[in-house]
Every structure is written in structure tokens, then in C-alpha cells.
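As a plain string of letters, each chain reads:
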2 protein chains.
Amino acid sequence: MTGTLYLLPMLLGESHPDISIPGEVQNITTSLSHFYAENIKTTRRYLRKLDKSFDIDGSHFYVLNKKTKDEDLSEMMKPLLQGFDGGIISEAGLPGIGDPGSKLVRLAHKKNIKVKPLTGPSSFVLALVASGLNGQSFAFNGYLPVKGQELAKKIQEIEKRSAQLKQTQIFMETPYRNNQLLEQLLKTCHPQTQLCIAVNITTDQENILTQSINQWKSSNPDLHKKPAVFAILKA
Amino acid sequence: MTGTLYLLPMLLGESHPDISIPGEVQNITTSLSHFYAENIKTTRRYLRKLDKSFDIDGSHFYVLNKKTKDEDLSEMMKPLLQGFDGGIISEAGLPGIGDPGSKLVRLAHKKNIKVKPLTGPSSFVLALVASGLNGQSFAFNGYLPVKGQELAKKIQEIEKRSAQLKQTQIFMETPYRNNQLLEQLLKTCHPQTQLCIAVNITTDQENILTQSINQWKSSNPDLHKKPAVFAILKA
């Protein structure tokens, strides 16, 4: 009998696990001893937070990130094929969204390994529901291009798609480039396009607000180094 | 001082709350006495499940569904403007996705009411991460058209978009029409298009599998009356 591949949620920032990780999900997480982690250090710290006496030295950690090769994936699959349960865990939120966790999941489906997703915080989905923007049709675009010209082009493209399909467009940026992204959005988007900025989700510093590009122009928020999710909808 | 508008998660099916509702979210939910519910009966049953002694008679329930008019929304906003906290709760999963909860959220942003999304189960996001399909770019399309010809056209349209944008396309169906939807997908999609079918998520009967349209043709599953989420990706 093969093991189960759990998809384990991770906290989005400094907060108590009971805010965003269900009790049974905490129990399952600390019952495992095989972890496929985007960041091993973050994962160890989290396991210690969930259970002070968690046996870290007796556990197995495998790195699953952008650099992971296909032959590493086959190696990682072995404990599951031998009957051990394992869990994929990303640096923040749910694994498989905006990170390379899905590679191992795809292989698991091929090998008839059971895949079990567990509930936890997802910054894009919390931002979406709190935005008040269209929740019947939306798209997640991951990270936008870094360079100014390509970024402007991409913003135009997704704003156009938003208008055509009446589809909320969600995207992210690494925290130290948030202000540049906001500047480009204010420059590029239609004044009446609705923009939601959701900052520090699930933490004490959480701040979520939706208003028109025009209104944002006069509010001038500082987003530097604050984890943020953006969503636009062109009416 | 105005109240906070919480976005409360609801169980996806018959399961223990600790599987998918964080402890603090359970506490916040049972601390409220104003509920904006898609389905009042389901909400009452859930509150009773969370806390056997919950004061249902001392609580206020407002219906927030497709039929809710704009003037009803203004009325619903009153307790929040008076300083009471309130929570939106849908029939399953997170409010504001595939349901009309976002109307009240939008009004809250206009009235400077704080909106606080809480973590809980979302069938489309759990299906997505467990699918192993592209989690860097994806779109949620809600419910597809009912009629055969329109449905076929819509499936062709989103399959084409999936290929063009390398975007996983997620959609749902009311459980008693699942088999017809599957039949149409098998007829319409390219044999190599990957299809994930995720059934009864978070319950003991959960079943999630991704394979090609060709492979599905020979597996012939019965999806009748089982809550399901579908996702396709055309390579």
C-alpha cells in the first residue's frame, strides 16, 4: 500500500497557527516525518511552532523548489511508494500556487499516489473575497514582469482581458517592488478601474481596500516590503 | 466606531469543523450575533454544530442571495454602521466566490467598514492544488451554461484560452448535472487535454484525479449528485 501525499498549508506571516490552520491540519502535519519543502528552515521553524517537542532530527526534509530536477522528483517519490505519508509545504500559503509544488503532485497522479489537499490560508483567495470584486469569474496571474516596459504591456493586457471577460485579475509582486508596481498601475490603468490592495493578510497589520485608480492616486500608500496581493477589475 | 464585516467560511460537506475551520475562526464565528447568510437554515445548523449552546434566538439573520436587492443591502449595513460586527456566510466554502456575497463587501468598502476575510475551505482552490495542473496561472469560470450547444461552445472557448495562456481553467456544475458535463467534456476536448475531477472535497468520500481526456474515456466514473470541481489544461 502506497502512502498519501498531503498538501500542507503554511502561515502567511507572523501569526498564531489557530488563526489560519485548522486543528486537524495541525495534527496531520506534526504526524508526518517526510516533508517536501520549498524552504527547509521555514518548515522546521513552523513544525517547532506547532509542537515544541516535534522530532525534527528524526524527520526527512527534501528541497522542492524552482531548481528541483525531474530525477530528484523520482527520488522524492520513493518513501510514498514504500508506504510512508509525506507532505508538500511551501514558504507561505498553500503549496502549488505560484510555486513549483505541482510538479510532485503531477507525478503522484501518474504513480497512483493519493493526493490530499488540506485547508489553510491562501493570500490570493482571501484578497479576492475581501476585495468585493467579481468572484464568479477571476484569474490568477502570478508574478508580473519586472521591467517597466514589459510590466506596462502586461498590465494593459490583463486590464483589457478583465474588461472583455468581466474577470477580476489577481497578481502579486515581491514586497520590495510593490511601490514600483503600484506606480505603474496608477500610470497605466483606466481612472475608473477598480484596484484592490491587500497587505499583510492574516496578520495584525492586515489592510485591505478596494477603490478606483483615481482614488488611489490621492491616497499614496507606502507598500514597501509589505507582502501584498493586487486585484483589478475594469467595469 | 463602526463594526467589522467578517467573511466566514462554511463546511463543504458533512465533516468535522476541525478538519477545515481554524479554531480562532470558530471562536470568532460564534462570538457574532449578526449573520448575512446565503442560506439561513444551513447557517443555524452550522452555528449549533460549532457550539451546542449558541444563542440562535438572540441572533440576527439576514438573507444575502441572488434575490437580494440594493435597498436590502443598505438595511443590512446598519448594524455595522452602528458598531456591531457581522459575518457573511455562504452555503459552502468561502463567501464571495460563485455567490452574491461580494455585493455587501463592495458596499462595505464604500462606507469605510473594515472587511476581514477568515481562512476556511474553498473547493476550487483545494481542487486546483491537488490537480497538479498549472498553479502559476489559472482562471475560475464559475458555472458553465446548461444547454448542450452553449455548453460545448463554452468548453471550446475555455480550452482554447487554456492553450493560449497556458492557464488552468476551473469550473463547477450543480451535482445532478455532473455526468452530462463530463460527457460533453469527453466529446468536446482534445484527447490529450488534462482533466482533473475533484469530488466530495474535505469529506471521507473525497476523490481527486487528473488524467488525459483519453484516459477518462475508459474510466467512466459516476459523478451523479456528488459535489465536484473540474479543471482542464491543454498542453
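Residues numbered from 1 in each chain as written. Chains lettered and ligands numbered in written order. Predicted model: local features only at pLDDT ≥ 70, side-chain atom pairs only at ≥ 80, totals over all residues. Heavy atoms only, no water.

- Chain A carries the name Ribosomal RNA small subunit methyltransferase I in an unreviewed UniProt entry, which gives Salinivirga cyanobacteriivorans as its organism.

Description of the interface of chain B and chain A
Then comes step 1: Taken together, the contacts link 53 residues of chain B with 53 residues of chain A.
Then comes step 2: Here chain B and chain A share an interface that buries about 4000 Å² over both sides, 58% of which is from carbon and sulfur atoms.
Then comes step 3: Contact with chain A buries surface across chain B, with B:H109, B:V129 and B:Q136 losing the most and accounting together for 15% of the total.
Then comes step 4: Two residues, B:E206 and A:K116, come together in a salt bridge whose shortest N-O distance is 3.1 Å.
Then comes step 5: Connecting chain B to chain A are 14 residue pairs in polar contact (both at pLDDT 80 or more).
Then comes step 6: Of all the secondary-structure elements, those providing two or more residues to the side of chain B that touches chain A are α1 (17-20), α2 (23-31), α5 (102-110), β5 (114-117), α6 (123-131), β6 (138-143), α7 (148-165) and β9 (207-212) of chain B.
Then comes step 7: In terms of residues, the side of chain B that touches chain A owes the most to one element, α6(B), which gives 7 residues.
Then comes step 8: Here strand β6 (residues 138-143) of chain A pairs with β6(B) via 3 bridges, running antiparallel. Each residue of the ladder has a partner; that of A:F140, found in β6(B), is B:F138. (Contact = heavy atoms within 4.5 Å. Buried area = accessible area lost by both parts, 1.4 Å probe. Salt bridge = Lys/Arg side-chain N within 4 Å of Asp/Glu carboxyl O. Polar contact = N/O pair within 3.5 Å; in protein donor to acceptor, adjacent residues only side chain to side chain. Helix = DSSP H or I, 4+ residues; strand = E, 2+ residues; numbered from the N terminus. Pairing = 2+ DSSP bridges.)

Some remarks on the side chain of A:T193
Then comes step 1: Following the sequence through the fold, A:T193 ends up in the loop between α8 (178-188) and β8 (194-199).
Then comes step 2: Excluding residues that lie within four positions of it along the chain, A:T193 makes contacts with A:E159, A:Q211, A:S212, A:I213, A:I232, A:L233 and A:K234.

Digging into the relation of the copies chain B and chain A
Then comes step 1: Superposing chain B onto chain A takes a rotation of 180° plus a shift of 0.0 Å along the axis, which leaves an RMSD of 0.0 Å. Such values leave the two copies arranged in the relation of a two-fold axis.
Then comes step 2: Most of the interface of chain B is mirrored in chain A, where 100% of its interface residues again form contacts. (Least-squares fit on C-alpha atoms with pLDDT ≥ 70 in both.)

Focus on the sheet that holds strand β4 (residues 86-89) of chain B
Residue and element names in this part refer to chain B.
Then comes step 1: If you walk across this open sheet you meet the 5 strands as β3-β2-β4-β1-β5, and the pairing is parallel. Across the chains shown, the open sheet's two edge strands, defined by having one partner strand only, are β3 (60-63) and β5. Across the sheet, the axes of successive neighbouring strands diverge by a mean angle of 25°, strand direction being ignored.
Then comes step 2: As paired strands, strand β2 (residues 34-37) and β3 are joined by 4 bridges and run parallel to one another. Across the sheet, residue Y36 finds its bridge partner in β3, namely Y62.
Then comes step 3: Relative to β3, helix α3 (residues 40-50) is tilted by about 145°, and along the sheet it contacts β2, β3 and β4.
Then comes step 4: Across the sheet, helix α4 (residues 70-81) touches β1 (4-8), β2, β3 and β4, and the angle it forms with β2 is around 150°. (Axes fitted to C-alpha atoms, helices over the stretch in contact; angles between N-to-C directions.)

Quick word on the domain arrangement of chain A
Residues and elements named next belong to chain A.
Then comes step 1: Per the domain assignment, the segments making up chain A are domain 1 (4-117) and domain 2 (123-233).
Then comes step 2: Taken residue by residue, the interface counts 7 residues in domain 1 and 8 residues in domain 2.
Then comes step 3: Taken together, the connections running from domain 1 to domain 2 amount to 0 salt bridges.
Then comes step 4: In this assembly, domain 1 and domain 2 are joined by 0 residue pairs in polar contact (both at pLDDT 80 or more).
Then comes step 5: Class assignment of the residues belonging to the side of domain 1 that touches domain 2 gives a composition of 3 nonpolar, 3 polar and 1 charged. (Domains from an automatic or database assignment. Nonpolar A, V, L, I, M, F, W, Y, C, P; charged D, E, K, R; others polar.)

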